[in-house]
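Coordinates in review
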Amino acid sequence: MIFDFHPGSSQSVVGRECKYIFLNFESSSASTWSRMFPASGVEAQCSVTVEYLNQAGQATKRKNSRNATVTLGRNEFREILLLVHDGKLSQNFVLREIQLFTRFTQDGKSTIKLIPENIQILISNCPPDKLKILLKTLSIKYAADKKISKPVSDRTRLVSTLPRTFDTISPVQAQDVERAKLQMQRNLQSPTSTKGSRNQMGNSGPNKQIKRSRTTSENCLSAELKPSKKPMLSLPMGRKLSKEQSHVLAMILKGKSVFFTGSAGTGKSFLLKRIVGALPPKNTYTTASTGVAACHIGGTTLHAFAGIGSGKAPLQQCVELAQRPGILSHWLNCRHLIIDEISMIEGEFFDKLETVARIVRKCNDPFGGIQLIICGDFLQLPPVSRAKEKYKFCFQAKSWSKCMQVNMELKEVRRQTDKTFIAMLQAVRLGRCPEEVANQLINTASQKIDRDGILATRLCTHKDDVEFTNEKRLQRLPGEMLTFEAVDSDPMLGEMLNAQCPAGQKLQLKKGAQVMLTKNLDVQRGMVNGARGVVIGFEPGNKPMPQVRFMCGVTETIKPERWLVKALGGNYLTRLQLPLKLAWAISIHKSQGMTLDCVEISLARVFESGQAYVALSRARSLEGLRVMDFDRKVVHANHDVLCFYSRLKKEQMLMQSSLDGYVEKEDQEN
């Protein structure tokens, strides 16, 4: 089996993935394995193109199936098969010697090349999470088979009297992973184990030199023996969905338009990523109200998707804008539209979008027949408006009630574990600040939360305060200033990347600089988005890289990471930059989605309802929080939003009561 390589990497994709699994799950229980690799993971709905290649690698015959099912199974000889069924005809492909291409798995695309047969199977528009599990299962089962079985000869096939069979492959078990691990180790120790793979691809002959496979290089060997920081096909099942999250996902997969909400830390972003991974990418558009929020979920802004600017123009002009080439294709191709951070979208803009959707799609169904998946918390940041300009929330839009079929509120808080702190946050979220809550917050002003040279991050209500504080504190530090410039795929679109990417175009650092991570690097070790640290030095070299000591106890040399930002037309822009930002101060808006280890908050200049709650809920615990200048008057919630959530709570209780009654009736009948 041969695996594709990524530019600039010395590691094989599947080898790197399997190493990740072995290091993290080899002691897992049977229930864990069934969750990580469910039986449904060996089947996926997608588009499939089968290409028959000549010796030059050109396709001489091609068969397309827009709506196909691919299933992993075994034949009568227990060989791994890939079954492609397009609703009418089925094709079985024996996976003897294969090559996997997994670079675009996140987009629901992959290629499986059958080397001896010179056939390649191109998979596209597959729900990314389904595709990851399918390829993961294939990788492990294939490697495990190599350890315990021998190839079936052509003669054995010819003389066999066994009836032809196709049995769906069993889910991955712990023993499969152990066998795959042993097989990988054997391959690494025996460079000749890959002999003949290039020969079968037509690259060698009696008088031709055989290229040595890159998997046998010394660099790869040393790399494979170390745990990988980022597996290429990381599994989506690291944390199990709660019952309420599972219910939301089930409603979405049934085609319902769903709005789900919840307080900070209830796993809205986690659920949203699972939803994105469960839907076909080709006609799913992922958007958010802000560029940074869109980047976190791998999408674009709602305004960029819609193409109608601010929506203030007359309807006919907005329709003409939406019918421009490129923009129109978004509207016509879209079947599932995801909108995150809905609280910051203005109600009139939502109504304008709904009308434009019906006109340009020539469909009178709500929102032109597009399934809406909307997420956010209206008790957090409201729509951005000019001074004294009145705004409407999205739930106040005329079209909201006819568009949304299911409304759900997530209740289980996962970010914080301290029940006292959770109760405090819930009270502040609803605009309440009883005396005991106020006293607890006032008492935090004297807390010493700095540790190991890592100072508390100050959350500010205004962006200007953040920039002034960070620049001033950096200038005060002694020593040499190092500047790190981002490498962008298209420097002409730097402004777009600045708006959507958490990493800035330019980062200046000194020894002693207070920093925070802007990307999840190693969740197991606590190196997550928002993790706080201090620069303790720079690793020598042509490009000195900062060494950072984090509050979680890890000291790491931070190297550049790549961000993908989706631009208009579905193209991706990339930015290569250090996943760090200065952290003496950060704005409340920019902190959304982050969990901060130690945070200092000045609430004296709070000017919007929900701002105090958003700021306080960034803290992981009460022990890591320091509140300055606290005044109970800054804790307030919008009256209209409170009424909306009160109605939502009643609807949810009635729905739950009906569901319980239905279940009870079914139990009695059975």
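Refer to the structure above for everything that follows.
Description of the structure in this document. (Residues numbered from 1 in each chain as written. Predicted model: local features only at pLDDT ≥ 70, side-chain atom pairs only at ≥ 80, totals over all residues. Heavy atoms only, no water.)

Turning to the pairing of strand β20 (residues 514–517), a few remarks are in order. Residue alternation in β20 divides its side chains into two sets, Gln514 and Met516 and Val515 and Leu517, and both sets are buried. Sheet analysis places β20 next to strand β21 (residues 532–539), joined by three bridges and oriented antiparallel. Following the sheet pairing, Met516 is matched in β21 by Arg532. In this structure, β20 lies alongside strand β26 (residues 580–582), joined through three bridges in antiparallel fashion. (Buried < 20%, exposed > 50% of the residue type's maximum accessible area, 1.4 Å probe, protein only. Helix = DSSP H or I, 4+ residues; strand = E, 2+ residues; numbered from the N terminus. Pairing = 2+ DSSP bridges.)

Pairs of packed helices are described in terms of their axes, by the angle between the two and the distance that separates them. One can describe the packing of helix α8 (residues 243–253) onto helix α9 (residues 268–278) by two numbers: an axis separation of 11 Å at closest approach and a directional angle of 30 degrees. Taken together, the axis directions place α8 and α9 in an arrangement best described as roughly parallel. Both α8 and α9 take part in a crossing whose hand is right-handed. Seen from α8, the contacting residues are Gln245, Val248, Leu249, Ile252 and Leu253; seen from α9, they are Phe270, Leu271, Ile275 and Ala278. Residues of the contact of α8 with α9, tallied by class, amount to eight nonpolar, one polar and no charged. (Axes fitted to C-alpha atoms, helices over the stretch in contact; angles between N-to-C directions. Parallel < 35°, antiparallel > 145°, perpendicular 65-115°, else oblique. Left-handed = near helix turned anticlockwise from the far one by under 90°. Contact = heavy atoms within 4.5 Å. Nonpolar A, V, L, I, M, F, W, Y, C, P; charged D, E, K, R; others polar.)

Here we come to helix α16 (residues 419–429). Buried within α16 we find Phe421, Ile422, Met424, Leu425, Ala427, Val428 and Arg429. With its phi angle positive at about 80 degrees, Gly431 sits one or two positions after the end of α16.

We now examine the sheet that holds β21. In spatial order, the strands read β23-β22-β21-β20-β26; together these five strands make up an open sheet with antiparallel pairing. Unpaired on one side and paired on the other, β23 (555–557) and β26 mark the two borders of the sheet. In this sheet, neighbouring strand axes are inclined to one another by 40 degrees on average, regardless of whether the strands run parallel or antiparallel. For β21 and strand β22 (residues 545–550), the ladder comprises six bridges, and the chain directions are antiparallel.

If charged atoms from side chains of opposite charge come close, those side chains can pair. Using the criterion set out here, one finds 18 salt bridges in the structure. In this structure, Asp176 and Lys141 form a salt bridge, with 3.0 Å as the shortest nitrogen-oxygen distance. Residue Asp176 is found in helix α5 (residues 174–189), and its partner Lys141 is found in helix α3 (residues 128–148); the two are separated by 35 residues along the sequence. A residue is classified by how much of its surface remains accessible, and Lys141, at 3% relative accessible area, is buried. Of the charged contacts in the structure, one is a salt bridge between Asp176 and Arg179, with a shortest N-O distance of 3.8 Å. Residue Asp176 and its partner Arg179 are both found in helix α5; the two are separated by three residues, about one turn of the helix. You can call Arg179 partly exposed: its relative accessible area is 31%. (Salt bridge = Lys/Arg side-chain N within 4 Å of Asp/Glu carboxyl O.)

Counting residues in each nonpolar core, the largest one holds 40 residues, and the members touching the most others are Trp331, Leu337, Phe367, Phe378 and Trp400. Going through the elements one at a time, α11 (302–306), α12 (315–322), α13 (327–333), β13 (336–340), α14 (347–360), β14 (371–375), α15 (400–403) and α21 (639–669) are the ones with two or more residues in this core. Considering every element that reaches this core, the biggest residue donor is α14, with six residues. Filtering out sequence-adjacent residues up to four positions away, Leu337 remains in contact with Tyr285, Thr287, Leu302, Phe305, Phe367, Ile370, Gln371, Leu372 and Ile373. Membership of the second largest hydrophobic core comes to 33 residues, among which are Ala438, Ile601, Tyr613 and Leu616. (Core = buried A, V, L, I, M, F, W, Y, C linked by side-chain atoms within 4.5 Å.)

Moving on to the packing of aromatic side chains. Under the counting rule described, the total for this entry stands at 15 aromatic pairs. Ring geometry for Phe350 against Trp400: centres 5.6 Å apart, planes inclined by 55 degrees, an arrangement best described as tilted. Of this pair, Phe350 sits in helix α14 while Trp400 sits in helix α15, placing them 50 residues apart in sequence. Take Phe350 and Trp400: they sit in the same class, and that class is buried. Taken together, a centroid distance of 5.5 Å and an interplanar angle of 90 degrees make the contact between Tyr391 and Phe393 edge-to-face. Residue classification places Phe393 among the buried positions, given a relative accessible area of 1%. (Phe/Tyr/Trp six-rings, centres within 6.5 Å; stacked < 30°, edge-to-face > 60°.)

Take the pairing of strand β24 (residues 561–566) next. Burial along β24 is one-sided: Glu561, Trp563 and Val565 are buried, and none of Arg562, Leu564 and Lys566, which face the opposite way, are. Where β24 and strand β25 (residues 572–577) come together, six bridges link them in antiparallel fashion. Paired with Val565 across the bridge in β25 is Leu573.

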